[in-house]
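Each chain, written out:
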Amino acid sequence: MLKVGVVGTGGIFKWAHLPGWLACKDVEIVAFCDAFRVSAEAAARDFPDAKVYDDYRELIADPSIDIVGISTPNLYHSEIAIAALRQGKHVFCEKPDAVNPLEAQKMADAARESGKLLMTMRNNRFSEEAKFVKRLAEKGQLGELYMGRCGWIRRRGIPGRGGWFTTKALSGGGPLIDLGVHMIDLAMWLAGNPKPVTVTGSTYRKFADRPDASGRVPEGTFDVEDLAAGFIRFDNGASLQIEFSWASNVEEEKKFLEWRGTEGGFSLVNDKLKLFTENEGVLIDQQPKFTEAAVPQHTANIRHFVECVLGREQPLITPDQGVDMIKILSAIYESAELGREIRL
Ligand SMILES: NC(=O)c1ccc[n+]([C@@H]2O[C@H](COP(=O)([O-])OP(=O)(O)OC[C@H]3O[C@@H](n4cnc5c(N)ncnc54)[C@H](O)[C@@H]3O)[C@@H](O)[C@H]2O)c1
């Protein structure tokens, strides 16, 4: 049995990580840590033998723990992950990997040096739709994927003004780092993880002072963007347009990814997949149906991590991909600030 200690027992831990760990028959949660101790105590209520901490350093010092799960605000991911790896733990960390490329690189280096597994949540890769498109792309059925668009546009959906999400020092940014990781990663993974070479971007903050941006602490900090758009070029000639917002005046919330390939294209809009091909000179639209009850994406990602720790699967998500992701996001912020394209 692998022993798991979790750090950060807030929203995502409760609705995604806890069910994920519980769905893995080879693991047991033995320790809960949260800076807000009451939260860790509440999470541990159904685990009478588990230890409770409010300082992650005490948790990672426990030699019986094999895996550390991290679901704290973004700023703390790298510090906790690096410390846990150096203590010989495998680490499963929430996205985004880190708040800047240097920290992401330090995490990747710590994983390499320790020989332990570091994996960051990329739950969108685990939907039935994404896995199916990945198989088609790997078999060459879509041809060369050369032009993509992706985004996650919310009409109203700022995660709590004054909380850590809207405070740059804690989050690293707004919807670009929050939602962008999900969709840019999915786009890059489906296209075979080409290397990003240049980016250009714009960011806006138009809703920070409006009443409809109200949140946990209405008078609190809101120093991140509420909309980001950009363009990424890759070393294989492909390019990707991106757009992310927590609030914008659009018809409705839309989470989307589209790639155009020389043999076929696809769109994944609000998790509905469509394929666009041509046969005998006739254009064909297809809408795949998935009949099997899908395992929730986050659970599937956590299960994959555990299978990798046990040596039964090879990691689909690598620390180097995380470094590329954070380099892209950071360069888009830099581009928006300087008003020009940035070479990575
Ligand atoms: N993959 C997804 O679908 C998804 C969805 C939501 C959030 N997330 C990510 O999960 C992470 C947590 O988000 P959330 O919505 O659960 O936030 P949250 O605010 O609900 O929970 C964070 C918890 O971490 C605790 N914490 C803060 N600093 C800590 C520290 N130094 N040590 C220990 N505990 C600490 C807080 O007290 C809180 O209980 C973020 O990185 C976020 O980007 C991922």
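All chains use their own residue numbering, which begins from 1 and follows the written sequence. Predicted model: local features are reported for residues with pLDDT of at least 70 only, side-chain atom pairs are reported and counted for 80 or more only, and whole-chain, interface and lining totals are derived from all residues. Values reported for side chains reflect all heavy atoms of the structure, with hydrogen atoms and water molecules removed beforehand.

Caption draft 1: Broad picture of the state of the cysteines. Note that a disulfide, as used here, is simply two cysteine sulfur atoms within 2.5 Å. Under the defined criterion, the tally for this structure stands at zero disulfides. With no disulfide partner, Cys33 has as its closest neighbouring cysteine sulfur the one in Cys93, 14 Å distant. The cysteine Cys308 is free of any disulfide, with Cys24 supplying the nearest cysteine sulfur at 11 Å. Burial classes follow relative accessibility: with a 1.4 Å probe on protein chains only, a residue under 20% of its type's maximum area counts as buried, one over 50% as exposed, and anything between as partly exposed. What makes Cys308 buried here is its relative accessible area of 11%.

Caption draft 2: Examining the domain arrangement of the chain more closely. For each domain, the first and last residues come from an automatic or database assignment. The domain boundaries assigned to the chain delineate domain 1 (2-120) and domain 2 (124-300 + 324-343). The centre of domain 1, based on its C-alpha atoms, is set 26 Å off from the matching centre of domain 2. The partner domain 2 presents 14 residues to the 18 residues of domain 1 that form the contact. By buried area we mean the combined loss of accessible area, with a 1.4 Å probe, across both parts when two parts are placed together. In this assembly, domain 1 packs against domain 2 so that about 1300 Å² is buried in total across both faces, 69% of it on carbon and sulfur atoms. Contact with domain 2 buries surface across domain 1, with Asn74, Lys95 and Pro101 losing the most and accounting together for 35% of the total. We count a salt bridge whenever a side-chain nitrogen from Lys or Arg sits within 4 Å of a carboxyl oxygen from Asp or Glu. Applying the counting rule to domain 1 against domain 2 returns one salt bridge. Between N or O atoms, a polar contact is any pair within 3.5 Å; within protein, one atom must be a potential hydrogen donor and the other a potential acceptor, and residues adjacent in sequence are included only when both atoms are from side chains. The interface formed by domain 1 and domain 2 holds three residue pairs in polar contact (both at pLDDT 80 or more) in total. Numbering of helices and strands runs from the N terminus, with a helix taken as a DSSP run of H or I at least four residues long and a strand as a DSSP run of E at least two residues long. Mapped onto the side of domain 1 that touches domain 2, the elements with two or more residues apiece are α1 (11-22), α4 (75-86) and α5 (101-114). Of the residues forming the side of domain 1 that touches domain 2, the biggest block, five residues, is contributed by α1. Three residue categories are used. Nonpolar comprises Ala, Val, Leu, Ile, Met, Phe, Trp, Tyr, Cys and Pro, charged comprises Asp, Glu, Lys and Arg, and polar comprises the others, including Gly. Along the lines of polarity and charge, the residues of the side of domain 1 that touches domain 2 split into 13 nonpolar, three polar and two charged. Contacts are assigned to residue pairs that have any heavy atoms within 4.5 Å of one another.

Caption draft 3: Here's a closer look at the layout of surface pockets. One number sums up the size of the largest pocket: a volume of about 950 Å³. Along its surface, the largest pocket is lined by 41 residues, and Ile12, Ser71, Thr72, Pro73 and Trp164 are the ones closest to its centre. Top contributing element to the lining of the largest pocket by residue count: α1, with five residues. Taken together, the residues that form the lining of the largest pocket break down as 17 nonpolar, 13 polar and 11 charged. Cavities and pockets are defined on a 1 Å grid built over the protein atoms alone: a cavity is a set of grid points where a 1.4 Å probe fits but cannot escape, while a pocket is an open set with protein on both sides within 12 Å along at least five of seven lines, and lining residues are those with an atom within 4 Å of any such point. Grid points are joined across faces, edges and corners, and a volume is the space filled by probe spheres set on the points.

Caption draft 4: Up close: the site of the ligand. In the vicinity of the ligand, 24 residues are found, and the nearest of them are Gly11, Ile12, Asp34, Asn74 and His298. Within the side chain of His77, an N or O atom sits 2.9 Å from an oxygen atom of the ligand. In isolation the ligand offers 840 Å² of accessible surface; the protein chains occlude 82% of this area. A majority-of-atoms criterion places the ligand in the largest pocket. Secondary structure elements with two or more residues in the shell around the ligand: α1 and α4. Split into classes, the residues belonging to the shell around the ligand amount to 10 nonpolar, 11 polar and three charged. When we say a residue is near a molecule or strand, we mean one of its heavy atoms is within 4 Å of it. Note on areas: Shrake-Rupley, 1.4 Å probe, and residue coverage restricted to the protein chains presented here. Should more than half of a molecule's atoms lie within 2 Å of a pocket's or cavity's grid points, that molecule is taken to sit in it.

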